[in-house]
Amino acid sequence: MLKLSEYQAAIKGLNHTPDHDPAAIQISGAYVCDMLSDVMGNAKPGQAWITIMKHLNTVAVASLAGLPAIIFAKGNQPDGAVVEKASAEGICLISSDLDTFSLAGILYSMLNA
Amino acid sequence: MRDFAAARSEMAEYWHIRLGLEDPVKKFFSQAPEADVTLEADIPEKDFNSAGRGSAEVKNLLKRLGVDPEVLRRVAVAAYEAEINVAAHSLGGSMTSNIHPELIHMVFQDNGPGIADIEQAMIPGFSTADEMVRELGFGAGLGLPNIQKNADALHISSEKGDSTCLEIIIYFKNDGQ
């Protein structure tokens, strides 16, 4: 397990949901995918979700699948409606300029350090 | 009481019942008991912001009722996939969730145009989704397989040119009691 705040620092991430403190969120790993059905079918509760998808359904999927955080790769920024929904659903949204491969690699190294 | 043989002769039908749960599922459909609580949700065509409201409502209610988190996740994922299917592939429809003491029975009824080949639709990766649906990250051909994976019972009746009715049963306890 890893504190989301430590991962956020490592990827120079920006938290869009100040209601949710990344220091209070533990992640067990991540699921990396842009297909929503694949995420719903295979992501495990407690994992972060690394993706470039940033529309409202992304938040719905994270909520249904029990994923506490979404990490947007390549500088993707969610719009206001998405942030609002995530805040209400208890999902932490973080953007990073890094690409998906780097985001996954950094998390993998931290979890296996 | 539902006449299984008659239904089969009129429409294309698909059944999947989790191993060991055949008896309670058949008993449920034959007795058709009245639900303790029924929730209704509209699913407008191609409205992917509304799709998911019904699932969220059901999830919140079951959470308040103290349903096990893993069961809750299965219900939510199956319901959301089914809602997305109605929004993506039909002219719109509705979701009815019947909550009983030991199970949830969800019925997704749409206004057509029906599934041409249900067996083909069940194959992971097969999809007829359009570009708009795919751009949202749906349409990978995993919806129905995901529903089947999470449901204790799945029943689909459909015919090309007619409506589709998809029913899901999920028990709150593993043994179906």
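Residues numbered from 1 in each chain as written. Chains lettered and ligands numbered in written order. Predicted model: local features only at pLDDT ≥ 70, side-chain atom pairs only at ≥ 80, totals over all residues. Heavy atoms only, no water.

Caption draft 1: Layout of helix 3 (residues 53–64) of chain B. With twelve residues, helix 3 of chain B extends 17 Å between its outermost C-alpha atoms, agreeing within 8% with the 16 Å of an ideal straight helix rising 1.5 Å per residue. The complete set of buried residues in helix 3 of chain B reads Gly54(B), Ser55(B), Val58(B), Lys59(B), Leu61(B) and Leu62(B). Angular distribution of buried residues about the axis of helix 3 of chain B spans 165°; they occupy a single face of the element. Counted as exposed and oriented over 90 degrees from the buried face of helix 3 of chain B: Arg53(B), Lys63(B) and Arg64(B). Turning to helix 3 of chain B, the residues buried within the fold contact helix 3 (56–65) of chain A together with strand 2 (37–43), helix 4 (69–89), strand 3 (93–99) and strand 4 (103–110) of chain B. The first or second residue beyond helix 3 of chain B is Gly66(B), which carries a positive phi of 85°. (Helix = DSSP H or I, 4+ residues; strand = E, 2+ residues; numbered from the N terminus. Expected span 1.5 Å × (residues − 1). Buried < 20%, exposed > 50% of the residue type's maximum accessible area, 1.4 Å probe, protein only. Arc of directions from axis to C-beta. Contact = heavy atoms within 4.5 Å.)

Caption draft 2: Representation of the interface of chain A and chain B in the model. Counting residues at the interface gives 18 residues for chain A, matched by 20 residues for chain B. Buried area between chain A and chain B, summed over both chains or domains, comes out near 1,500 Å², and the portion from carbon and sulfur atoms is 59%. Looking only at chain A, the three residues that lose the most surface to chain B are Met40(A), Asn57(A) and Leu64(A), adding up to 40% of its buried area. Put simply, chain A and chain B have eight residue pairs in polar contact (both at pLDDT 80 or more) between them. (Buried area = accessible area lost by both parts, 1.4 Å probe. Polar contact = N/O pair within 3.5 Å; in protein donor to acceptor, adjacent residues only side chain to side chain.)

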